[in-house]
Amino acid sequence: MNDTPGWTSPGSAPSDDQNGSGVPRPADPADANGSAPQWSKDQPPAGQWSPPTGPPPPPAPGQGWGTPPPNAHWGRPPAAKPGVIPLRPLGMGEILDGAVKTLRTYWRTVLAITVTVAVISQIANILAQQYLAPDVPAANPDATPAEALEQSLDAAQSSLIGLGPALLVTLMASLVSAALLTVVISRAVLGRPVSLGAAWQEARPRLLQLIGLTLLLAAMSSAIVMVGLLPGLLIGGAAGVALTLLGGLGALVTAVWLMIRFSLASPALMLERGGVIKSLKRSAKLVQGAWWRIFGITLLTQLLIFIFSMIIAIPFTIIGIAVDGDGFSDMLSGTSTSFGWPFLIITGIGGVITSAITYPISAGVTVLLYVDQRIRREALDLELARAAGLPGYGPTPGNQTVGG
């Protein structure tokens, strides 16, 4: 509003002493000395106003009371969601929810894979414990601390040798499960189911490379641990023990860092159809700048899996002990070093249930982390929307997998 002298607003007072309502305008102390602007004597007529009468006018077409105005939802539109996840950068809860939703939506295919793998693994483990695990000599209560340590190491070595074939079978079965589940989850992102036969046909050409990748990562971790422990073991004594602890801690931190850095190599290998080294490089590139986030999600997932496994394993272990009380008592008394068949079978059933649920959760989180990182870095969401055939994203490409 302009307050310069000689300007008045419409509807102001018709005289110097009245405002527009007929009430005398209070005198301004500054008017006497002329320091304040003076009102003009020639004013327009006072503005007339009367309250509206009658009912209010009807609203415009499409605009009733409480109806939001047009374009009230301006902003970023919701992300497309053709499958188990929205096609945008994902949060931790959405990644876990996507893994669970894949299990719930495509349970026939997923459970056919995981139950088969879990049964094979548990049968191999039971047979190895019953027939291959060597008898562990009874501990000598009068042994010195050094002799007790040596006996413990011999017992652990014998157990590993006896369970080696079972561990190998379990590793191979887990790799096959991970390969098949990667295919299933990649299709679930697009909202497309896949049969067990189709998943096998797509995953089979990559199995040897996946085995090589897994063995390479295991060899890297073992080498790092050996390098960290070897100097302290060679020195011996108190200094050697301290050096072994420090070296072991450093080796553990390095191994964890490398495992997270290469944690997306498996889905990259399966979905991008590259070689082992190329998949390792792709994982390192995708993880760069997001190591702590991927580490946190992976750690939380493994913690949840561990808690769930304990919830299932503890009741089955208690039932197994109750059913096979004699064999368990013999083992505790030292007259036997192996569990009885009832205990092994009951705990094996618990292991099958646990593996059937935890395998798809673990594989689903890994694959969805890979998809999430590619969405954040490479706008994979646009390619996925086209692959899903959503309108407005262009023609559907021929390759309709996540890695395409």
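If you're wondering where the values come from, they're calculated on a predicted model, not measured in any experiment.

Explain the overall build of the chain to me, please; I cannot follow it from the model alone.
Within the chain one finds 12 helices and zero strands. The order of helices and strands in the chain, counted from the N terminus, is α-α-α-α-α-α-α-α-α-α-α-α. Across the 404 residues of the chain, 33% fall into the buried class. Across the chain, the fraction of contacts at a sequence separation of at least 24, relative to all contacts at a separation of at least 6, is 71%.

Explain the packing of aromatic side chains here, please?
Inspection of every chain in the model, using the stated rule, returns three aromatic pairs. When the ring of tryptophan 291 is compared with that of tryptophan 292, the centres are 4.9 Å apart and the planes differ by 85°; the resulting orientation is edge-to-face. Accessibility expressed as a relative area gives 16% for tryptophan 291, which makes it buried. Owing to a relative accessible area of 66%, tryptophan 292 belongs among the exposed residues under this scheme.

Looking at this structure, how should I read the packing of helix H7 (residues 265-272) against helix H8 (residues 276-287)?
Helix-helix packing: each pair is described by the crossing angle between the helix axes and the interaxial distance. Running from amino to carboxyl end, H7 crosses H8 at an angle of 120°, the nearest separation of the two axes being 8 Å. Considering their axes alone, H7 and H8 lie oblique with respect to each other. As for how H7 packs across H8, the hand of that crossing is right-handed. Of the residues in H8, those in contact with Ala265, Ala268, Leu269 and Glu272 of H7 are Val276, Ser279, Leu280, Arg282 and Ser283. Tallied by class, the residues present in the contact of H7 with H8 amount to five nonpolar, two polar and two charged.

How do you make sense of the environment of isoleucine 345 when you look at a structure like this?
If you trace the backbone, isoleucine 345 turns up in helix H11 (residues 341-378). In sequence terms isoleucine 345 and isoleucine 123 are 222 residues apart; their C-alpha atoms lie 8.8 Å from each other.

Whenever I open this one, unusual backbone geometry confuses me. Can you help?
The bulk of non-glycine residues show a negative phi, and the bulk of peptide bonds are trans. Phi is positive for arginine 273, close to 60°, though the residue is something other than glycine. Tracing the sequence through the fold places arginine 273 in the loop between H7 and H8. For alanine 379, which is not glycine, the phi dihedral falls at a positive 55°. Assignment of secondary structure puts alanine 379 in the loop between H11 and helix H12 (380-387).

Please explain the pattern of salt bridges as it appears in this structure.
Where charged atoms from two side chains of opposite charge approach closely, those side chains can pair. For the structure on display, the rule yields 10 salt bridges. A salt bridge links glutamate 202 to arginine 273; its shortest N-O distance comes to 3.5 Å. Of this pair, glutamate 202 sits in helix H4 (residues 196-203) while arginine 273 sits in the loop between H7 and H8; the two residues are 71 residues apart in sequence, bridging distant segments of the chain. According to the relative accessible area criterion, glutamate 202 is buried, its value standing at 19%. By relative accessible area, arginine 273 is classed as partly exposed at 39%. The residue glutamate 378 makes a salt bridge to arginine 374 at a minimum N-O spacing of 2.8 Å. With glutamate 378 and arginine 374 both in helix H11 and four residues apart, this pair spans about one turn of that helix.

What am I meant to see in H12 here?
A turn of α-helix holds 3.6 residues, and therefore any two residues three or four places apart point the same way. Of the residues making up H12, those classed as buried are Leu380, Asp381, Leu384, Ala385 and Ala387. Projected down its long axis, H12 shows its buried positions confined to an angular sector of 160°, all on one face.

How should the environment of isoleucine 314 be read in this particular structure?
Mapped onto the fold, isoleucine 314 is located in helix H9 (residues 291-323). Along the backbone, isoleucine 314 and glycine 350 are 36 residues apart, and their C-alpha atoms lie at a distance of 8.9 Å.

Sorry, what's going on with the confidence of the model for the chain here?
Where the model shows low pLDDT, its predicted coordinates should not be examined in detail. In the predicted model, the chain carries a mean pLDDT of 79, and 67% of its residues have values of at least 70. Here helix H10 (residues 325-333) stands out as the least confident element of the chain, with mean pLDDT 58; H8 is the most confident, with 96. Scored below 50 in pLDDT, residues 1-25 shows 41 contacts in the model against residues more than four places distant or in partner chains. A low-confidence stretch, residues 28-32 stays under pLDDT 50, and its non-local contacts, those more than four residues away or across chains, total seven contacts.

What's the story with a nonpolar patch on the surface in this structure? I'm lost.
A grouping of Val115, Val119, Ile123, Leu127, Tyr131, Trp341, Ile345, Ile349 and Ile353 is seen on the molecular surface, where their side chains present a nonpolar patch of about 790 Å² in accessible area. Of all the elements in the fold, those that place two or more residues in the nonpolar patch are helix H2 (107-132) and H11. Position of tryptophan 341 relative to the elements: it lies in helix H11. Residue tryptophan 341 is classed as partly exposed on the basis of its relative accessible area, which comes to 35%.

Is there a simple way to explain H8 in this structure?
Taking 1.5 Å per residue, 12 residues should reach 16 Å; H8 reaches 17 Å between its end C-alpha atoms and fits that length. For H8, every residue scored as buried is listed here: Ser279, Leu280, Arg282, Ser283, Ala284, Leu286 and Val287. On its buried side, H8 packs onto helix H5 (207-235), helix H6 (237-261), H7, H9 and H11. Just past H8, the residue glycine 289 takes up positive phi, approximately 85°.

When you look at the side chain of serine 309 in this model, what are you seeing that I'm missing?
Summarising the element assignment, serine 309 is placed in helix H9. For serine 309, the side chain forms a polar contact with the main-chain oxygen of isoleucine 305, separated by 2.8 Å. Residues contacting serine 309, with those up to four places away along its chain left out, are Thr354 and Thr358.

About the cut-offs
- Residues numbered from 1 in each chain as written.
- Predicted model: local features only at pLDDT ≥ 70, side-chain atom pairs only at ≥ 80, totals over all residues.
- Heavy atoms only, no water.
- Helix = DSSP H or I, 4+ residues; strand = E, 2+ residues; numbered from the N terminus.
- Buried < 20%, exposed > 50% of the residue type's maximum accessible area, 1.4 Å probe, protein only.
- Contact = heavy atoms within 4.5 Å.
- Phe/Tyr/Trp six-rings, centres within 6.5 Å; stacked < 30°, edge-to-face > 60°.
- Axes fitted to C-alpha atoms, helices over the stretch in contact; angles between N-to-C directions.
- Parallel < 35°, antiparallel > 145°, perpendicular 65-115°, else oblique.
- Left-handed = near helix turned anticlockwise from the far one by under 90°.
- Nonpolar A, V, L, I, M, F, W, Y, C, P; charged D, E, K, R; others polar.
- Salt bridge = Lys/Arg side-chain N within 4 Å of Asp/Glu carboxyl O.
- Arc of directions from axis to C-beta.
- pLDDT = per-residue confidence, 0-100.
- Patch = residues over 30% accessible without salt bridge, like charges linked within 9 Å, V, L, I, M, F, W, Y side chains within 5 Å.
- Areas by Shrake-Rupley, 256 points an atom, 1.4 Å probe, with all protein chains shown as cover.
- Expected span 1.5 Å × (residues − 1).
- Polar contact = N/O pair within 3.5 Å; in protein donor to acceptor, adjacent residues only side chain to side chain.

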